[in-house]
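Observations on chain architecture
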Amino acid sequence: MSVQPVPFFSGALYARKSCFVYLPSSYESTDREYPVVYLLHGMYGSESDWLLKGNAEATLNRMMEAGELGECIVVFPNDGGYGQGTFYIDWYDGTGNFEQYIVDDLVPFIDETFRTIKDKQYRYVGGLSMGGFGAFSLALRNPGVFGAAASLSGALGSLRLMPYPKFARSEFPRMFGPRHGERVQAHDLLLLTAALHASGDRPHLYFDCGKEDYLYDYNAAFNRHLDEIGYPHLYTEYSGEHNWAYWTEHLPDALRFFETCRIKAGL
């Protein structure tokens, strides 16, 4: 297994960006194509967080060697910003097209550069905290791109109900605009899941949260919402806080969920 830094140009941001890419042990010795997992970092983080703070490389190696996880390519992107946290959306004030950067630039680049299975059933996105929101937002807004999403301690639920300062500091109005405006509604996970459930075009969803986490109530409420509308999902509660000890411990749970999706898709 190997991890390598990979630079690329983003037209959406008109800037050179970089990510880390994990390649499974068989990549250089075969010509097969692989499922892809995108792992998003949290607020004020970077593309190296999952690797340096979350022990992701060792977790992937261990799970693949033990047969818990099929071989896959794993991409660790930057959120596209400069440290302030972007929530992986196109900002209301025009600062940056951070959703387009992921969906229209990064995903096609990875598919062109590496031997990936170019099918949403084998393309998954997960993240922690802000990245948990980003994973769900990206998948629910782009169900033709991602077949499944996973959130660890994510800022999930209705943006209309979340207090601006707590969840995105002073940047929230710049990101989403007026609290009850069209941009907020377009990224409201309650509205998105209700609309997709009615259409039948539903990404698979997994999320968990620590009971001592300050975002626990939002995750529990989002679980109740999905139960009420009948959206199939998997939700688990554990003991834990909003920190790297929790995310490192429970990254395998998200990866096992993606493995279940891969098996169901027939690979």
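Please read all numbers here as calculations on a predicted model, not as lab measurements. (Residues numbered from 1 in each chain as written. Predicted model: local features only at pLDDT ≥ 70, side-chain atom pairs only at ≥ 80, totals over all residues. Heavy atoms only, no water.)

Quick word on the side chain of Asp 253
Heads up, the rule is: Helix numbering and strand numbering both begin at the N terminus, where a helix is a DSSP run of H or I of at least 4 residues and a strand a DSSP run of E of at least 2. By definition in these notes, contact holds between two residues if any of their heavy atoms fall within 4.5 Å.
By the element assignment, Asp 253 lies in helix H10 (residues 244-265). Setting aside anything within four residues of it in sequence, one finds Asp 253 in contact with Tyr 206, Asp 208 and Tyr 238.

Concerning the pattern of salt bridges
Applicable threshold: Salt bridges are defined as contacts in which a side-chain nitrogen from Lys or Arg sits within 4 Å of a carboxyl oxygen from Asp or Glu.
The final tally for this structure, using the stated rule, is ten salt bridges. Between Lys 53 and Asp 49 there is a salt bridge, with the nearest N and O atoms lying 3.8 Å from each other. Close ionic contact of Glu 68 with Arg 256 constitutes a salt bridge, the shortest N to O distance being 3.1 Å. Taken together, the residues span a long stretch of sequence, with Glu 68 in the loop between helix H2 (56-65) and strand S4 (73-77) and Arg 256 in helix H10 at a distance of 188 residues.

Here's the deal with helix H9 (residues 216-229)
For the record, the criterion: One less than the number of residues in a helix, times 1.5 Å, gives the span that helix is expected to have. Burial here depends on accessible area, computed with a 1.4 Å probe over protein chains only, as a share of the maximum for the residue type. Under 20% is buried, over 50% is exposed, and the range in between is partly exposed.
The end-to-end C-alpha separation of H9 is 20 Å, in line with the 20 Å expected for 14 residues at 1.5 Å each. All of the buried residues along H9 are Tyr 216, Asn 219, Ala 220, Phe 222, Asn 223, His 225 and Leu 226. Considering only its buried residues, H9 is in contact with helix H4 (130-141), helix H8 (189-199), strand S7 (204-210) and strand S8 (234-238). Looking one or two residues past H9, Gly 230 carries a phi angle of roughly 80°, positive in sign.

Overview of the environment of Val 75
Within the secondary structure layout, Val 75 lies in strand S4. Considered as a pair, Val 75 and Asp 104 are 29 residues apart in the sequence and their alpha carbons are 15 Å apart. Aside from chain neighbours lying at most four places away, what touches Val 75 is Cys 19, Phe 20, Val 21, Val 36, Val 37, Tyr 38, Leu 39, Leu 106 and Ile 110.

Examining the environment of Thr 95
Quick note on the threshold: Polar contact is defined as a pair of N or O atoms within 3.5 Å, subject to the rule that within protein one atom must be able to donate a hydrogen and the other to accept it, and that residues adjacent in sequence are counted only when both atoms are side-chain atoms.
Along the polypeptide, Thr 95 turns up in the loop between S4 and helix H3 (98-113). Residue classification places Thr 95 among the partly exposed residues on the basis of a relative accessible area of 39%. Taking C-alpha positions, Thr 95 is 8.4 Å from Met 175, a pair spaced 80 residues apart along the chain. A polar atom in the side chain of Thr 95 sits 2.9 Å from the side chain of Arg 174.

Points about the side chain of Ser 129
Following the sequence through the fold, Ser 129 ends up in the loop between strand S5 (123-128) and H4. With a relative accessible area of 10%, Ser 129 lands in the buried category. At 2.8 Å, the side chain of Ser 129 forms a polar contact with the side chain of His 242. Excluding residues within four positions of it along the chain, Ser 129 makes contact with Leu 152, Ser 153, Gly 154, Ala 155, Leu 215, His 242 and Trp 247.

A look at the pairing of strand S3 (residues 36-40)
Remark: a regular strand shows side chains that alternate across the two faces of the sheet. As a reminder, the rule being used: Strand pairing is defined by DSSP finding a minimum of two bridges between the two strands.
Of all five residues in S3, five are buried, a share of seventy percent or more. Where burial is concerned, the two faces of S3 agree: the one with Val 36, Tyr 38 and Leu 40 and the one with Val 37 and Leu 39 are both buried. Sheet topology places S3 next to S5; five bridges connect them, and they run parallel. When the bridges of S5 are listed, Tyr 38 appears paired with Val 125.

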